[in-house]
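# Results of the structural survey
Spelled out, the chains give:
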Amino acid sequence: MMGVKASCADAAHSHSMSTASRRRAYTGPILFSYGFRPFFLGGAIWAAITAPLWVWSYLVGDGWLSREWHIHEMLFGALAAIVAGFLTTAVPNWTGRMPVIGAPLAGLFGLWVAGRLVMLAPGLSPMVSGTIDSAFLIVFAVVIWREVLAGRNWRNVPVCLLISLLALGNLVFHLRPDFWDTDIAWRVGIAAIALLIALIGGRIVPSFTNNWLKAQGQAPSARPESRFDHLVLLATAGALAAWLVSPASLISGSAMAAAGALNLMRLARWSGWRTLKEPLVWILHVGYGWLALALGLLGLGVFVPGVPPTLGVHALTVGAVGVMTLAVMTRASRGHTGRALAADRSVQLIYLLINLAALLRVSAAAGSLNPALLIASVIAWSLAFGLFAFTHVPMLARPRPMVARQA
């Protein structure tokens, strides 16, 4: 038995060495040597641009960019790119397979860019723009399914399902079938992203917390995955499913409120207060906290007339999504380019700006939409993602330092 284990370990080690050798043999553009490089940069730039473009169109009232365009480009445009950057980098680590790099990665990124162009271009037929834009998420889902199944990485099949759900939401947006509420497209996208945060966040937040505590010579206290975590994920999935079908029903309201409370309990088990000395760690706890708050607000909105549904939606999209994506992007960019896993002043400012954007956007949604708060939120949002793009270009577009700064 020990011989079998040793043989498997040797085979895995050999495969890992082979993958590393093939990566080192890559001599193409640095930007396409890792999935996070083009997609984090492209997603951040697009997130910084689209929000002020829509607000300008909304306030001027020229109708050039609709509310639907704004929702689509934030969910299926900017956010989809960031998710692609994370997963094309993480999945090879999960499966031990060769990552998508070079020409295939450039082609995938090209599909994403093409989608952004056709969604912005006037005069195109819905069939043409829908076909071109849908191609990226469909191909991306196929790539993730292929890698997970080929690597027999059954644990991450749910991730594949959620990416497929995101692609489905985009298809529904373009098809707009008469027998469905048109808003179901963005609800499908939001539900997929919320579940990705709950699923992957539930792994990385306690893991990174314990790793940091160990590095500080402290005993780890974030509880590992247990049956309670599985219960929270099931409750969250059930609540979001009910919200998809009937967002204003008492059933979905109760389920959302329960899911918010359970996710808050889950967050408390990770002892985030012990990481206050390192923003790169505690920001992950803040991002997950926004998820719990958003689910709770969506549930509360069903029972309390003074709580509009948009309150929970923006707590989820600007708060949970905005904070968690920037938390992951800043950490992954440093970790995969050999920098120290510590937040400098620019990163701390990014975290301050994105949380400020979320607070202002939720405040703007409380009651009648306040234009001043909306503009202030958009400015903070754009500055956060713009500052990430500006300060991280040297990391994302240049080779990894020969000597890593991190021990």
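Going by the structure above, here's the rest.
A brief report on the enclosed structure follows. The residue numbering used here restarts from 1 in each chain and proceeds along that chain's sequence as written. Reporting in this predicted model follows two pLDDT cut-offs: at least 70 for local features of residues, and 80 or more for side-chain atom pairs to be given and counted; totals over whole chains, interfaces and linings ignore these cut-offs and use all residues. Each side-chain value is derived from all of the structure's non-hydrogen atoms; neither hydrogens nor water enter the calculation.

Our focus in this paragraph is unusual backbone geometry. Of note in the backbone geometry, R152 takes a positive phi value of approximately 50 degrees without being a glycine. Positive phi, close to 55 degrees, is recorded for S271, a residue that is not glycine. The helix count covers DSSP runs of H or I at least four residues long, the strand count covers runs of E at least two residues long, and both are numbered beginning at the N terminus. The topology assignment puts S271 in the loop between helix 9 (250-268) and helix 10 (279-303). Residue burial is assigned from relative accessible area. The probe radius is 1.4 Å, only protein chains are included, and a residue is buried under 20% of its type maximum, exposed over 50%, and partly exposed in between. Note on S271: relative accessible area 8%, which makes it buried.

Moving on to the packing of aromatic side chains. Any two of the Phe, Tyr and Trp rings considered here, Trp counted by its six-membered ring, make a pair once their centres fall within 6.5 Å; the pair's planes then place it as stacked at under 30 degrees, edge-to-face at over 60, or tilted in between. Summed over all chains, the structure comprises 11 aromatic pairs. Their ring planes at 70 degrees and their centres at 4.9 Å tell us that W270 and Y288 sit as a pair that is edge-to-face. Pair noted here: W270 is in the loop between helix 9 and helix 10 and Y288 is in helix 10, with a separation of 18 residues, a long-range link. Both residues of the pair, W270 and Y288, count as buried. For the pair W381 and F385, a centre-to-centre distance of 4.7 Å together with 45 degrees between the ring planes defines the contact as tilted.

This paragraph deals with the side chain of E73. Locating E73 in the fold gives a position in helix 3 (residues 67-95). Given a relative accessible area of 0%, E73 falls into the buried group. The criterion used for residue contact is that any of the two residues' heavy atoms lie within 4.5 Å. Aside from chain neighbours lying at most four places away, what touches E73 is W46, T50, A78, R116 and M119.

Moving on: helix 8 (residues 227-245). Multiplying one less than the number of residues by 1.5 Å gives the expected span of a helix. End to end, helix 8 covers 27 Å across 19 residues, agreeing with the expected 27 Å (1.5 Å per residue, within 8%). Those residues of helix 8 lying buried are F228, D229, V232, L233, T236, A239, L240, A242, W243 and L244. As for helix 8, its buried residues are in contact with helix 7 (184-215), helix 9, helix 10 and helix 11 (309-335).

Pairing between side chains of opposite charge can happen when the charged atoms of each approach one another. Take a side-chain nitrogen of Lys or Arg and a carboxyl oxygen of Asp or Glu: if they are within 4 Å of each other, that pair is a salt bridge. All told, the structure shown has nine salt bridges when counted by the stated rule. Note that R67 is salt-bridged to E68, the shortest N-O span being 3.6 Å. A relative accessible area of 39% means that R67 is categorised as partly exposed. R155 serves as the salt-bridge partner of E225, at 3.1 Å between the closest nitrogen and oxygen.

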